[in-house]
Amino acid sequence: MPPSRRAASPRSKPPGLGFTPKKKAPPSPVPATPAAPAAPPQNLVLEIFKVVGKNFATPTLACAAEKLLLPSLVPWLVAAGPLLGLPRAYAFVILINLVGSGFFVILLGFKVGRSRGAFAAQAKAAGDDDADARFNYPKMYAEGFSDEARGFNCVQRSHQHTLETYPTILIMSAVGGIGQPITTALAGALWIYARQKWANGYQWPGGDPKNRYEKSDGWGRHIWTSLLALCVTSTSTAVQLLL
């Protein structure tokens, strides 16, 4: 009987024969260090004072001059009138800021209506078969990128932007005129004139919105100057009620 054989012990495989070394895992990406937030300018307070002074100094001085000088120069203007005890000069606020600005906004809207037909006719002449549908009501703006569409949209936008701030103009005029009627009326006149020049620039041929300031003879920015002036007169009225 043949001698019993022992079970052969498994031999370790020499390296390189039937052995696949483990691949090293790629190094984990180092997270990017977030950029440090920009440090506020050291003269931030000074910059704030510059902005406030530049935009509010003139109307503030006008309010102070009205309170100090008008009672001695034209006392009947600041005297209480027969209606609600309001100063007589409040009539200028009604005539300019409320009635005058109202007619201006209406006339600006009429120009939008006339422009619909004019630009639709130009689009038809240029071969636009959908001109009527593109420019007619109820659409507020004309679709597309044609010269006619851009031109009409600038006219429409000049009116729409005016309406967006008009309620604020009316409310602050009504409030500011109680305590500062002359300064408020002057701010209202400035707003009407600046808005007209700004709208003329917006409606400049070519349909470029940048023209609302560039073609306004420097008056376009005063639509904001007049608004800030009304902020000052309204605040002055509030302060006078508290004192």
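Visitor: Teacher, can you tell me more about the nonpolar core here?
Guide: Nonpolar side chains in soluble globular proteins tend to be buried together. Membership of the largest hydrophobic core comes to 13 residues, with the highest contact counts inside it found for Phe104, Val105, Tyr166, Ile169, Trp191 and Leu230. Listing elements by their share of this core, those giving two or more residues are helix 3 (90-125), helix 5 (147-179), helix 6 (181-202) and helix 8 (222-242). Element by element, the count of residues in this core is highest for helix 6, at four residues. Beyond its immediate chain neighbours, meaning those up to four positions away, Ile169 contacts Trp191, Leu227 and Leu230. Ranked by size, the runner-up nonpolar core spans ten residues in total, among them Val112, Phe119, Ala142 and Ala149.

Visitor: Explanation requested: a nonpolar patch on the surface in the structure shown.
Guide: On the surface, a nonpolar cluster with roughly 580 Å² of combined accessible area is contributed by Ile94, Val99, Phe103, Ile106, Leu107 and Phe110. Looking at where Val99 falls in the secondary structure, it is placed in helix 3.

Visitor: Is there a simple way to think about the layout of surface pockets in this case?
Guide: Unfilled space is identified by rolling a water-sized probe across the atoms. Counted as a void, the largest pocket has a volume near 350 Å³. Lining the largest pocket are 15 residues, with Asn55, Thr58, Pro59, Leu190 and Thr225 positioned closest to its centre. Looking at the lining of the largest pocket, the elements with two or more residues in it are helix 1 (44-73), helix 6 and helix 8. Of the residues belonging to the lining of the largest pocket, the class tally is eight nonpolar, five polar and two charged.

Rules behind the numbers
- Residues numbered from 1 in each chain as written.
- Predicted model: local features only at pLDDT ≥ 70, side-chain atom pairs only at ≥ 80, totals over all residues.
- Heavy atoms only, no water.
- Core = buried A, V, L, I, M, F, W, Y, C linked by side-chain atoms within 4.5 Å.
- Buried < 20%, exposed > 50% of the residue type's maximum accessible area, 1.4 Å probe, protein only.
- Helix = DSSP H or I, 4+ residues; strand = E, 2+ residues; numbered from the N terminus.
- Contact = heavy atoms within 4.5 Å.
- Patch = residues over 30% accessible without salt bridge, like charges linked within 9 Å, V, L, I, M, F, W, Y side chains within 5 Å.
- Areas by Shrake-Rupley, 256 points an atom, 1.4 Å probe, with all protein chains shown as cover.
- Salt bridge = Lys/Arg side-chain N within 4 Å of Asp/Glu carboxyl O.
- 1 Å grid on protein atoms, 1.4 Å probe; cavity = no way out; pocket = protein on both sides within 12 Å on 5 of 7 lines; lining within 4 Å.
- Points joined across faces, edges and corners; volume = space filled by probe spheres on them.
- Nonpolar A, V, L, I, M, F, W, Y, C, P; charged D, E, K, R; others polar.

Any link to function would need more than the numbers given here.
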